[in-house]
Structure formats: C-alpha cells, structure tokens
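This is what each chain is made of:
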Amino acid sequence: MPTQMEIEYWRNRTQRMNKERFVAANVMALVTHGIMQPLDLVKTRAQMLQEGKVFGGIGFQRGFSPAQIFNEIHQSGGGYRKFYTSMDGFVAKTMAYTTARVWGFLLFYDQLNPDPRRTARPDYYIMAGMGGGFLAGVLSNPIDLVFTRMQVDELYPEQCRRNYRGIVDGLTRAVDEGVLMRGAVANGLRIGAICASMTNIYDWCKENSYFFLGPSWINRIWATGAAVGAGTVASMPFDAVRVRMHTMRPLPTGELPYISSYDCFVKMWTYEGRMKYHSNFGCFFSGGQAYAARLFGICFVSQFLLDWYHGRQMVSEFWQPARFNYQGGIDYDIHEPFSDGFNKFMMSKWGITESEAAYSPDVKTQLKIV
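Quick summary incoming for the structure in this document. Being a predicted model, the structure only gives us computed values, none of them experimental. (Residues numbered from 1 in each chain as written. Predicted model: local features only at pLDDT ≥ 70, side-chain atom pairs only at ≥ 80, totals over all residues. Heavy atoms only, no water.)

We now examine the side chain of R45. Its location among the elements puts R45 in helix 2 (residues 19-50). Given the relative accessible area of 9%, R45 is considered buried. Engagement of the side chain of R45 in a polar contact is seen with the backbone oxygen of Q151, the distance being 2.9 Å. Among the polar contacts made by the side chain of R45, one reaches the side chain of E154 at a distance of 3.3 Å. The contact partners of R45, leaving out residues within four places of it in the chain, are I69, I73, Q151, E154 and L155. (Helix = DSSP H or I, 4+ residues; strand = E, 2+ residues; numbered from the N terminus. Buried < 20%, exposed > 50% of the residue type's maximum accessible area, 1.4 Å probe, protein only. Polar contact = N/O pair within 3.5 Å; in protein donor to acceptor, adjacent residues only side chain to side chain. Contact = heavy atoms within 4.5 Å.)

Below, the structure is given as structure tokens:
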C-alpha cells in the first residue's frame, strides 16, 4: 500500500492551470458544448425577442417560447450546422470561455487555499468561483460580444444586419466601433454566479444522498439537477443583461438604450419586471428552459467524460484539490476541479488486478490481497 507521503505527493503536486488541464478541459468543452449548442442559440434569440415586451405569465410572448424558436430556425433551412452560427466563432468562444474560467478559478483557489493537502471550506469555494468567474467573464467578453451578435443577426431586417464574415472580422469591426468591453461586468457576474452557486450544492446533495442511497446513479442525476437549478436562477438575470448590452443599437435619437450593465438591469427591473406595468420577472428568464437544459446536458455529459478520462489513466497528476467522490468525478464545467480520480488511480495501482477497474462502479470482486 502507498505511504501517506506518496498519497500527499500525488494528490497535491499543483493547484494551478497547466497544459494537461488546458487540453482536457477544452476537449471536453468542445464535445459537450457542441452537443448542446443549438439550445444556446435558441436561448439567445429568445432573450433578444423578449426585449421591450411586458407580459403576465410564462409562455405568453413569442420571446419566451424556446420550442417555437427552435422549430422556426430548423424550418428556415441550413440544416443542423445553422445552429452553430459560425464554426470559427463557436470554437473561439468555447475555448476562450473554458480556458479563462478554469484558469481563473484555480488562480483564486490557490490563493485562498495555501495548503494543497486540505480541501478548502465551502465559503472559499464560493469566493474562488465568484472571483475567478468574474475575471474569466471580463477577459472573454470581446469574443462573447461578437458571437452573440452573430447569433441574433438574422432577426434584423436585411439592411440592418452586421453581417460579420467570421470571428476575426467581428472583432476587428468591434474594435473600430470601440465596444469590445461592452457588457463585460454582466458577463463576469454571469460566469461568477454559475461558479459560486453550483459547486457546493452539487457536493452537498451528492454526498448526503449517498448516505441514504449508497452508490446509486440517482445521486448524480438529482445532484446535477439541483446544482443546475440554482445556477440558472443565480446567473440568468446577468445573462439577460449581457445579451442586451452586446446586441443593443442606437435609438432614433442617436442615444444608446443602456448606458451600462447596471443601467440595463435597473430599466429591466423597472419597466419589464414589475406588476405595475402588467408584467413580471420573466423578462430576466426568457429562454430559461433552453438555458437550464443546456447547462444540465453539459454538466451531466462532462461527468461521464471525466470517468473515461481518469479511468484510462491519461493524466499524470490529478485535478486539485483531490477529494473522495464515489463516482468518477465532478463536471469541470461547473468549476469543480476536484475528483476521485486520484483515489481510483491509487486503488488501480496497488489494490486492483486490472486498471480497467479504476472506473468500474463494482470493484469489490476485483480486489486482491496486498
């Protein structure tokens, strides 16, 4: 059996971003985001269509009906590729978002948790998630801005479209316009809210459910669902503000409808989210069904990709801080870098006859006396 010194060494060699994490995180992101990208387009267009409308109740306005928007996009032609808007934009956005998010979280976590042999307190995870997420949102805002504009361009009349030829052309024209950082605060708060809200909820639900149900697949499903629900409620109001800031155009008077992210939030709250104007807070959650479904799909599929990744022992050192989870690890996309990959690695090296058992849910029959 390994000594405690060996365990601590393998478990805590690093807490920051490195080449291995960069490659693994971005490959998983491209796979999971690629599968769920159609829902992102539906959500963004639903938010765009909701602007300026007041309504009472869910589903009353076209802007709050993701199913109808999906059908309209599909019927307009272009095939499945149309849901990706621009392949270079999709790849650039996904990689910039993933790299900045994971790097930002680990940067703040390493500062808050100076002793890598210990798992940080829940409030430290919240602070690292909010700080790292906000920094990631600000840094990736230029690419987000261009890609969001490309997603909603078809909703405008032909003469009013921006018609970006690609992500590079969009960035160049955004620089000329001087709007690269427009909506950066809302974008940062959106990602920070996701990171800070989902991590501890997932852990708490899964670990407490294990006490009652044991190693059941139900634990992973309902813990992911609870975390996604909290993340949707916490982050979507900022996402609605972000989309409006990224896509807004000058009014006939030449003035912009929103001065800042704060001004946009206040106007939405005042004119679209109060019963005084025969409305409700649905303005902040237009397209919420597509948003939540996309987030759940990304989180859930990523966990199985991590099972495969750690089970094949393709990683020389494991995402930190290590922590015991009985199933293959937590989804990187909700900014939780710890997994039980290390535990399975140690068992496969010293206590299991076949390395394949490292990710098997039933390893009792494969243990040998050592």
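In this structure, I194, M198, Y202, C205, A223, A227, V228, M236, Y291, L295 and C299 together form the largest nonpolar core, which totals eleven residues. When residues of this core are traced back to their parent elements, those giving at least two are helix 8 (184-213), helix 9 (217-247) and helix 11 (288-311). Counting residues in each nonpolar core, the second largest holds ten residues, with A240, V241, M245 and M268 among its members. (Core = buried A, V, L, I, M, F, W, Y, C linked by side-chain atoms within 4.5 Å.)

Another point: helix 7 (residues 167-177). Looking only at helix 7, the buried set comprises I167, D169, G170 and A174. Buried positions in helix 7, seen along its axis, are confined to an arc of 160 degrees and lie on one side of it. In helix 7, those exposed residues whose orientation departs by more than 90 degrees from the buried face are V168 and D176. Against the buried residues of helix 7 lie helix 4 (87-112) and helix 6 (141-152). G178, located one to two residues past helix 7, shows a positive phi value of around 75 degrees. (Arc of directions from axis to C-beta.)

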